[in-house]
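# Observations on the three-dimensional arrangement
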Amino acid sequence: MSDHIRTRQDGGVLEVVIDRPKANAIDLATSRALGLIFRDFRDDPALRVAIVSGAGEKFFCAGWDLKAAASGDAVDGDYGVGGFGGLQELRDLNKPVISAINGICCGGGLEIALSTDLILAAEHATFALPEIRSGTVADAASIKLPKRIPYHIAMDMLLTGRWLDVHEAHRWGFVNEVLPAERLMERAWELARLLESGPPLVYAAIKEIVREAEGSTFQTAMNKVTKRQFATVDRLYSSEDQLEGARAFAEKRSPIWKGK
């Protein structure tokens, strides 16, 4: 699919590695390839969890490839299904995605990380939105970041392009765990295995509710849940897994989730 993306599937876990030296920057072709990978992940019932990381030890992803842009890639070109990096506009992605930040995570790379559900980072990871310095706007980050961390910190990053080390990123809450570099992928797989063993229909309902509630009032979202107006909630409440969860609790055993 692409010489610049490596994938590995083990059980229900899909690992996606951006491998585009030197900075794992993304051009239009790479973005379109990532979109197809994440679309297929979304649509494959055998896959439960994804991990996205970058090759090497220096860069997770430097975002938009400015050299490709200078050579003709349009900043408003066809990024493919899912938008830039394949994740941030992918509709109905109702499975958990973990990002493992193994180094510099900036610009569009940070926007990809913000599109995942859990962010693990190596101790040497750094974060920034340097678009201001190249005369463009970090569009997805401008929408998402002020909702994830304190407004004034988000605006500081957007307006100045300053860098955050991993400990500050963790302090502001957009990094879940800080790990020694040699433990990063091991921990990502541990977490992926934990999620793989969980109830996929519940995960789907959680992700749809959280996503749809962002643009809704609390009561409107609650009404849609209780009236089963979310497709994932309706499916969950009519599922074998819903009954299995109750039975397993009553029988004091671990549930066996089938995703149906």
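This text follows the structure it describes.
A quick note: this is a predicted structure, and the numbers were derived from the prediction, not measured. (Residues numbered from 1 in each chain as written. Predicted model: local features only at pLDDT ≥ 70, side-chain atom pairs only at ≥ 80, totals over all residues. Heavy atoms only, no water.)

Another point: the nonpolar core. Residues Ile-101, Leu-110, Phe-127, Leu-129, Met-157 and Phe-174 are the most contacted members of the largest nonpolar core, which totals 47 residues. For this core, the element with the highest residue contribution is helix α1 (residues 28-43), accounting for 6 residues. Listed in part, the 15 residues of the second largest apolar core include Leu-184, Ala-188, Leu-191 and Ala-192. (Core = buried A, V, L, I, M, F, W, Y, C linked by side-chain atoms within 4.5 Å. Buried < 20%, exposed > 50% of the residue type's maximum accessible area, 1.4 Å probe, protein only. Helix = DSSP H or I, 4+ residues; strand = E, 2+ residues; numbered from the N terminus.)

Below, the discussion takes up the packing of helix α4 (residues 139-148) against helix α5 (residues 151-160). Contact geometry of α4 with α5 gives a least axis separation of 8 Å together with a crossing angle of 155°. With respect to α5, the axis of α4 lies roughly antiparallel. Our pair here, α4 against α5, has a crossing hand that is right-handed. Along the contact surface, α4 presents Ala-141, Ser-142, Leu-145 and Pro-146, while α5 presents Tyr-151, Ala-154, Met-157 and Leu-158. (Axes fitted to C-alpha atoms, helices over the stretch in contact; angles between N-to-C directions. Parallel < 35°, antiparallel > 145°, perpendicular 65-115°, else oblique. Left-handed = near helix turned anticlockwise from the far one by under 90°. Contact = heavy atoms within 4.5 Å.)

Here we come to the pairing of strand β7 (residues 118-122). The element β7 is extensively covered by neighbouring structure, given that 4 of its 5 residues are classed as buried. Sheet analysis places strand β5 (residues 97-101) next to β7, joined by 4 bridges and oriented parallel. What sits directly across from Ile-98, in β7, is Leu-118. Judged from the 3 bridges that link them, β7 and strand β10 (residues 177-179) form a sheet pairing that is parallel. Within β10, the residue paired with Leu-120 across the bridge is Glu-177. (Pairing = 2+ DSSP bridges.)

Pairs may arise between side chains of opposite charge once their charged atoms sit close together. Scanning the entire structure with this criterion turns up 19 salt bridges. The partner of Arg-6 in a salt bridge is Asp-19, and the shortest N-O contact between them spans 3.1 Å. Taken together, the positions of Arg-6 in strand β1 (residues 5-10) and Asp-19 in the loop between β2 (13-18) and α1 put the pair 13 residues apart, joining distant regions of the chain. Accessibility expressed as a relative area gives 43% for Arg-6, which makes it partly exposed. By relative accessible area, Asp-19 is classed as partly exposed at 23%. Ionic pairing is found between Lys-207 and Asp-117, a salt bridge with its closest N-O pair at 2.9 Å. Here Lys-207, found in helix α8 (residues 200-213), pairs with Asp-117, found in the loop between α3 (108-114) and β7; they are 90 residues apart in sequence, far enough to count as distant. By relative accessible area, Lys-207 is classed as buried at 16%. Taken together, the salt bridges that share partners define one network made up of Glu-177, Arg-183, Glu-186, Arg-187 and Glu-190. (Salt bridge = Lys/Arg side-chain N within 4 Å of Asp/Glu carboxyl O.)

Below, the discussion takes up the environment of Asp-92. Within the fold, Asp-92 resides in the loop between α2 (66-70) and β5. The exposure class of Asp-92 is partly exposed, given its relative accessible area of 44%. Aside from chain neighbours lying at most four places away, what touches Asp-92 is Arg-42 and Arg-211.

Below, the discussion takes up the side chain of Asn-24. The residue Asn-24 is located in the loop between β2 and α1 in this model. For Asn-24, a relative accessible area of 2% corresponds to the buried category. Here the side chain of Asn-24 touches Ala-55 through a polar contact of 3.1 Å, landing on its backbone oxygen. Discounting chain neighbours no more than four positions away, the residues touching Asn-24 are Ile-18, Asp-19, Gly-54, Ala-55, Phe-59, Phe-60, Cys-61 and Ala-62. (Polar contact = N/O pair within 3.5 Å; in protein donor to acceptor, adjacent residues only side chain to side chain.)

Below, the discussion takes up the sheet that holds β5. In spatial order, the strands read β1-β2-β3-β5-β7-β10; together these 6 strands make up an open sheet with mixed pairing. Both outer strands of the open sheet, β1 and β10, are each paired with one neighbouring strand and no more. Along the sheet, successive strands turn relative to each other by an average axial angle of 20°, direction set aside. In this fold α1 packs onto β1, β2, β3 (49-54) and β5, with an angle of close to 175° to the strand it touches most, β2.

This brings us to the packing of aromatic side chains. As enumerated under the stated definition, the model contains 3 aromatic pairs in all. Ring centres of Trp-64 and Tyr-79 lie 5.6 Å apart, and the angle between their planes is 80°; on these two criteria the pair is classed as edge-to-face. One end of the pair, Trp-64, is in the loop between β4 (59-61) and α2; the other, Tyr-79, is in the loop between α2 and β5, and 15 residues separate them in sequence. The class for Trp-64 is buried, based on a relative accessible area of 16%. Residue Tyr-79 is classed as buried on the basis of its relative accessible area, which comes to 16%. Taken together, a centroid distance of 5.5 Å and an interplanar angle of 90° make the contact between Phe-127 and Phe-174 edge-to-face. (Phe/Tyr/Trp six-rings, centres within 6.5 Å; stacked < 30°, edge-to-face > 60°.)

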